[in-house]
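Spelled out from the first residue to the last, the chains are:
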Amino acid sequence: MAKPLVFLTRSLPDAVMKELKDRFQLRSNPHDRPLSKKEILKGIRNADGLISMLSDPIDREVIDAGKKLKIIANYAVGYNNIDIQTAAERKIAVTNTPGVLTETTADLTFGLLLAAARRLSEAEQLLRSGKWTGWAPTQLLGTDLYGKTIGIIGMGRIGQAVARRAAGFSMRTLYHSRHPLSPTAEKSLSITFLPFSHLLRESDFITLHLPLTGESRHLIGQKALHAMKPTAFLINTSRGPIVDEPALIRALAEKRIAGAGLDVFEKEPRVPRRLSRMKNVVLLPHIGSASTETRVRMGMMVLENLSALFAGQEPPNMVN
Ligand code: DGY
């Protein structure tokens with residue numbers, strides 16, 4: 001029997017590529033860049049499966065062009081880039097990669113917390129510029145993490161992994177979530193649920209761990225930013241559009257908050273020039289899940305989803 005034709009929009013780690021080539025007839029992107037819409041429309045034609053990246057908009061036009069498409073396997077846990085409704089209408093399975101990137105993303109969140117609080121980027125830049133004149137008592141003073149309050153918005157897998165790390169840093173942890181945890185789970189994580197507005201007022205660090213939906217878009221806008229402490233930091237490793245970027249830039253410029261650590265942006269890969277000129281922000285190019293181990297695990301999960309579907313079974317990570 002002929003192997004199913006799978007269209008892959010971006011090269012994955014070698015170990016995953018090898019498996020993909022063994023199991024499927026693979027049509028892949030020969031360039032080291034995202035494909036244009038035109039290229040995606042062309043690639044999806046007569047493909048049985050699609051492996052998409054979070055940066056590929058898989059809208060109605062793309063889905064309609066995939067006349068033989070049976071599965072869209074997203075190489076990400078977030079799937080806001082896919083028109084889920086159209087996929088469901090066409091009876092196309094959509095899958096994601098939950099669980100395997102939890103700890104890696106939580107690690108990076110703490111990397112950003114530390115970098116923003118202790119001014120790591122500024123400090124490294126000073127050293128590399130050759131302008132460092134030696135230790136000084138008031139040089140590059142930051143703020144401590146230990147003993148401070150962290151407010152976690154979104155208490156799914158990643159939120160919980162961040163809470164575990166916060167306990168290790170002796171932080172007090174507050175959270176807000178659409179689905180509060182059970183009292184037992186709250187106790188074991190040492191976390192306290194607060195309404196959104198209270199959490200904003202009380203936290204020294206706010207970190208976002210929720211999916212991008214119509215409801216969460218611009219959740220952190222001017223009103224939320226003005227409710228935060230002027231000494232507080234905002235950390236975002238989830239999705240850029242959850243934060244109203246122009247409002248954040250104004251809040252940072254007006255010193256309504258102390259700083260930010262961002263791994264995601266509203267219109268990636270575009271980062272507003274004003275933001276990249278600010279000293280009180282740490283900016284990373286969406287590397288939340290970017291460890292070799294995790295990117296391989298994500299690829300293997302994509303493979304499992306595709307293999308199950310083509311074997312006539314329900315893929316383990318269906319989102320629709
Ligand atoms: C995801 O999987 O949604 C992450 O943002 C990837 O880095």
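Given the structure is predicted, the values throughout are model-derived calculations rather than measurements.

Considering the sheet that holds strand β4 (residues 71-74)
(1) Moving on: Reading across the sheet, the five strands line up as β2-β1-β3-β4-β5 and stay open at both edges, with parallel pairing between neighbours. The open sheet has two edge strands with one neighbour each: β2 (25-28) and β5 (93-95). Within the sheet, the average angular offset between the axes of one strand and its neighbour, ignoring direction, is 20°.
(2) Moving on: In this structure, strand β1 (residues 5-8) lies alongside strand β3 (residues 49-52), joined through three bridges in parallel fashion. Note on β3: the bridge partner recorded for phenylalanine 7 is leucine 50.
(3) Moving on: Docked against the sheet, helix α1 (residues 14-23) engages β1, β2 and β3, running at close to 130° with respect to β2.
(4) Moving on: Helix-sheet contacts for helix α13 (residues 292-310) involve β1, β3, β4 and β5, and the interaxial angle to β4 is about 165°.

Remarks on the pattern of salt bridges
Note on pairing: side chains with opposite charge can pair once their charged atoms come close.
(1) Moving on: The final tally for this structure, using the stated rule, is 19 salt bridges.
(2) Moving on: Put simply, glutamate 103 and arginine 164 hold a salt bridge, and the shortest N to O gap is 2.8 Å. A residue pair is termed long-range when its members are at least 10 positions apart, and glutamate 103 in helix α5 (residues 102-117) and arginine 164 in helix α7 (residues 157-168) qualify at 61 residues.
(3) Moving on: On the accessibility criterion, arginine 164 (42% relative accessible area) is partly exposed.
(4) Moving on: The salt bridge partner of glutamate 122 is arginine 119, with a shortest N-O separation of 2.9 Å.

Points about the packing of aromatic side chains
(1) Moving on: The final tally for this structure, using the stated rule, is four aromatic pairs.
(2) Moving on: A ring pair is formed by phenylalanine 205 and phenylalanine 233, whose centres lie 5.4 Å apart and whose planes are at 15°; its orientation type is stacked. Highlighted residues: phenylalanine 205 in strand β9 (residues 205-208) and phenylalanine 233 in strand β10 (residues 233-236), separated in sequence by 28 residues. The residues phenylalanine 205 and phenylalanine 233 share a single accessibility class, namely buried.

Reading guide: rules and limits
Residues numbered from 1 in each chain as written. Predicted model: local features only at pLDDT ≥ 70, side-chain atom pairs only at ≥ 80, totals over all residues. Heavy atoms only, no water. Pairing = 2+ DSSP bridges. Helix = DSSP H or I, 4+ residues; strand = E, 2+ residues; numbered from the N terminus. Axes fitted to C-alpha atoms, helices over the stretch in contact; angles between N-to-C directions. Contact = heavy atoms within 4.5 Å. Salt bridge = Lys/Arg side-chain N within 4 Å of Asp/Glu carboxyl O. Buried < 20%, exposed > 50% of the residue type's maximum accessible area, 1.4 Å probe, protein only. Phe/Tyr/Trp six-rings, centres within 6.5 Å; stacked < 30°, edge-to-face > 60°.

Bear in mind that shape data such as this cannot, by itself, settle questions of function.
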